[in-house]
Amino acid sequence: MRTRTSRTAAVLIAVIALAAGCSGSGGKDDEDKANDDGGGKGVTTPRLKIAMVTHSGEGDTFWDIVQSGAKQAARKDNVEFLYANDKEAKGQAELVQSFVDKKVDGIVVTLAKPEAMKAVLAKATAAGIPVVSINSGAEFSAKFGALTHIGQDESVAGEAVGDELNKRGKKKALCVIHEQGNVSLEQRCAGVEKTFDGTVENLNVEGTNAPGAQSSVSAKLQATKDIDAVVTLGAPIAAVSVKAKEDAGSEAEVDTFDLNAEVVKRLKAKEVGFAVDQQPYLQGYLAVDELWLYKTNANVLGGGRPVLTGPAIVTGKDVPKLEKYTARGTR
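Right, let's walk through the structure included here. (Residues numbered from 1 in each chain as written. Predicted model: local features only at pLDDT ≥ 70, side-chain atom pairs only at ≥ 80, totals over all residues. Heavy atoms only, no water.)

### Observations concerning the sheet that holds strand β8 (residues 229–232)
The pairing of strands in a sheet comes from backbone hydrogen bonds and takes either a parallel or an antiparallel form. Here we have 6 strands laid out as an open sheet, ordered β7-β6-β8-β9-β10-β12, and mixed in their pairing. Two strands lie at the open edges of the sheet, namely β7 (199–204) and β12 (312–314), each paired on one side alone. When strand polarity is set aside, the average angle formed by the axes of neighbouring strands in this sheet is 25°. In this sheet, strand β10 (residues 275–277) lies alongside strand β9 (residues 253–257) in parallel orientation, the contact comprising 2 bridges. Pairing of T256 across the sheet is with A275, part of β10. Contacts from helix α9 (residues 210–223) reach β6 (172–177), β7 and β8 within the one sheet, and its direction differs from that of β7 by about 145°. (Pairing = 2+ DSSP bridges. Helix = DSSP H or I, 4+ residues; strand = E, 2+ residues; numbered from the N terminus. Axes fitted to C-alpha atoms, helices over the stretch in contact; angles between N-to-C directions. Contact = heavy atoms within 4.5 Å.)

Structure representation (structure tokens):
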């Protein structure tokens, strides 16, 4: 009896310990800490310092979601997460150089304007600092020495939009490019044109100047009355284009790349027809996790190919399952 009682007690202790371990590595407690900048309970591997440098302009909420994923992975992986951004290619390269000089343990970078990043990434790899690219410039990632690329195939995403516009019976689309020279945005519009049975016209606007962008889209819609679809390449420009459409008295449907709480709200209100989700939270999370895995276990995700996080077409019917996630900044 004593032996049986001892064994029973041991099993109970093991179950309690397992439950405690599970609650400490996921669930509500981890969700509440999604905006932590690292540290806290997690792995026992040595503390690492990982930097992310993006081409984000000011006020682009897409990158808030990317950072949310990166910070959650950093908390789990015992990583100090550092973030910097500059919409100008030269400035972005200089920020990467500053982190090379600080001898960080890994760098996450976007390749929206790839040629400006080539030399500095060569310096990073020469210094033994592993690099992961995310979001843009997948075709340049391996050439520039990155371990892997995490994001969506922009051409494929654009083609998916063209197919969706065909299903909706659209005939003329305006593709709004909010950052001139960004190769990923150009690939999206080219992808739309490839599969869309109608015609596509591109319009360049200044994404960080919302009033100016709104005015440009409105003027175009007033001048070209037969535009029946406005395709925006980022969530903030979708909101701007909805207002521009109202100003112009246009009946065009506004559709967009990328997802956030505002886009979900507009999908629900039928102010936006559909959105293309590339899961930015996942891009930030997997990038930090990959660098941690590489530093602690020599793992490389993707097997030499990009790790795809999209695209997925999201419509009003998807709103109920997405609202709570976009509200907390993870979708």
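### Description of the pattern of salt bridges
When their charged atoms lie close together, side chains carrying opposite charge are able to pair. On inspection of all chains with the given rule, the structure shows 17 salt bridges. For D289, the salt bridge is made with K76, and the minimal N-O distance between the two is 2.9 Å. Taken as a pair, D289 in helix α12 (residues 280–297) and K76 in helix α3 (residues 62–77) lie far apart in primary sequence, 213 residues in all. D289 gets classed as buried once you look at its relative accessible area, which sits at 13%. Across the pair R168 and E253 runs a salt bridge whose closest N-O atoms are separated by 3.3 Å. Note that R168 is positioned in the loop between α7 (154–167) and β6 and E253 in strand β9, a separation of 85 residues in sequence. In this structure R168 comes out as partly exposed when scored by relative accessible area, which is 28%. Its relative accessible area of 16% is what places E253 among the buried residues. Taken together, the salt bridges that share partners define one network made up of K76, D77 and D289. (Salt bridge = Lys/Arg side-chain N within 4 Å of Asp/Glu carboxyl O. Buried < 20%, exposed > 50% of the residue type's maximum accessible area, 1.4 Å probe, protein only.)

### Observations regarding the sheet that holds strand β1 (residues 48–54)
Strand order in the open sheet formed by 6 strands is β2-β1-β3-β4-β5-β11, and the pairing between neighbours is parallel. With partners counted over all chains shown, the strands left at the sheet margins are β2 (79–85) and β11 (307–308), one partner each. In terms of strand pairing, β1 meets strand β3 (residues 106–110) through 4 bridges, oriented parallel. The residue bridging A51 from the neighbouring strand is I107, located in β3.

### Section: the nonpolar core
The biggest cluster of nonpolar side chains holds 26 residues, and the ones touching the most others in it are V176, V217, L221, V230, L259 and L267. Listed by contribution, the elements that provide at least two residues to this core are β6, α9, α10 (235–248), α11 (261–268) and α13 (319–327). It is α10 that contributes the most residues to this core, 6 residues altogether. Non-local contacts of L221, meaning those with residues more than four positions away in its chain, are made with I227, V230, A244, K245, A248, S250 and A252. Counting 24 residues, the second-largest nonpolar core is a separate cluster that includes I50, V79, F81 and I134. (Core = buried A, V, L, I, M, F, W, Y, C linked by side-chain atoms within 4.5 Å.)

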